[in-house]
Amino acid sequence: MSPMTQQTRLGLVLGLNVLMIAGLLIVGLASHSLGVVAAGGDYAADSVAILLGMMSIQIAKHPHGHPKATTYVALINAVVLLVVTVSVIVGGLRRLVTHTPEIHGLGVLIVSLVAMALMIVAALILGRDAASEDIHMRSVLLDTVDHVTAAAGVATSGGIRYFHGRVYWLGSPVGLLV
């Protein structure tokens, strides 16, 4: 069996990311969880970066293409993630200073566990070699592993809210950490 190409692996990971965007945003808004909404925004930004990365691989391979195309995409990804991060920080601080709505922990817990499982699958699809292929593949792998840890944090906060209740403020700090 031959190993999957970068394009194939990125396409599969993109599909998993796109599946998660709608679920995270719907559950995040319905449960009032900034952590889950932040994760949805992060998945959306990552999906754009993966799509651009797939295009940059083709550009880099083309005889008249630019060999540094994947490096430029990694820079674009960093800028987009910075914008998402600043937006979440502003939202998280606003919630901490004003009123934090009641967070519905069960939905947060379930969607975060699903996200964690799917991102473990995505990391396995990318494979250990992605870290040494090029800067774009390395950034996608690191970001995917980061999603696993972020989902674990959001799942933990959702579980705490579900089983203990009244810890509604917990969503904002977790959203800031994500």
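Source: prediction; values computed, not measured.

**Student:** Hey, could you run me through the overall build of the chain in this one?
**Tutor:** Counting secondary structure elements, the chain contains seven helices and zero strands. Beginning at the N terminus, the succession of helices and strands in the chain can be written as α-α-α-α-α-α-α. Over its C-alpha atoms the chain spans a radius of gyration of 17 Å, differing by no more than 12% from the 16 Å that the globule rule assigns to 178 residues. Projected onto its principal axes, the C-alpha positions of the chain cover 60 × 35 × 25 Å. In the chain, which comprises 178 residues, the proportion classed as buried is 44%. For the chain, contacts bridging at least 24 residues in sequence account for 74% of all contacts bridging at least 6. Put simply, the chain shows about 9400 Å² of open surface, and 73% of that area lies on carbon and sulfur atoms. Positive and negative side-chain charges of the chain, numbering 9 and 8 respectively, have mean locations separated by a distance of 4 Å.

**Student:** Just to check I follow, could you spell out a nonpolar patch on the surface for this structure?
**Tutor:** A cluster of nonpolar residues, L106, I110, V114, Y162 and F163, forms a patch on the protein surface that exposes about 500 Å² of accessible area. Mapped by element, the contributors of at least two residues to the nonpolar patch are α4 (105–126) and α6 (135–164). Ranked by residue count, the leading element in the nonpolar patch is α4, at three residues. Tracing the backbone shows V114 in helix α4.

**Student:** Looking at this structure, how should I read the confidence of the model for the chain?
**Tutor:** The predicted coordinates of low-pLDDT regions are not to be read in fine detail. Confidence in the prediction for the chain averages 82 pLDDT; 92% of positions are at 70 or higher. Across the chain, element-level confidence peaks in α4 with a mean pLDDT of 92 and bottoms out in helix α7 (residues 171–177) with 69.

**Student:** Sorry if this is basic, but what is going on with the packing of α4 against α6 here?
**Tutor:** When two helices pack together, their arrangement is given by the angle between their axes and by how far apart the axes lie. Running from N to C, α4 and α6 cross one another at 160°; their axes reach a closest spacing of 7 Å. Classified by the interaxial angle, the pair formed by α4 and α6 is roughly antiparallel. Two packed elements cross with a definite hand, and for α4 against α6 that hand is left-handed. Residue composition of the contact of α4 with α6, by class: 22 nonpolar, six polar and one charged.

The rules behind these values
Residues numbered from 1 in each chain as written. Predicted model: local features only at pLDDT ≥ 70, side-chain atom pairs only at ≥ 80, totals over all residues. Heavy atoms only, no water. Helix = DSSP H or I, 4+ residues; strand = E, 2+ residues; numbered from the N terminus. Rg over C-alpha atoms; globule rule 2.2 N^0.38 Å. Buried < 20%, exposed > 50% of the residue type's maximum accessible area, 1.4 Å probe, protein only. Contact = heavy atoms within 4.5 Å. Areas by Shrake-Rupley, 256 points an atom, 1.4 Å probe, with all protein chains shown as cover. Lys, Arg positive; Asp, Glu negative; His and termini not counted. Charge placed at Lys NZ, Arg CZ, Asp CG, Glu CD. Patch = residues over 30% accessible without salt bridge, like charges linked within 9 Å, V, L, I, M, F, W, Y side chains within 5 Å. Salt bridge = Lys/Arg side-chain N within 4 Å of Asp/Glu carboxyl O. pLDDT = per-residue confidence, 0-100. Axes fitted to C-alpha atoms, helices over the stretch in contact; angles between N-to-C directions. Parallel < 35°, antiparallel > 145°, perpendicular 65-115°, else oblique. Left-handed = near helix turned anticlockwise from the far one by under 90°. Nonpolar A, V, L, I, M, F, W, Y, C, P; charged D, E, K, R; others polar.

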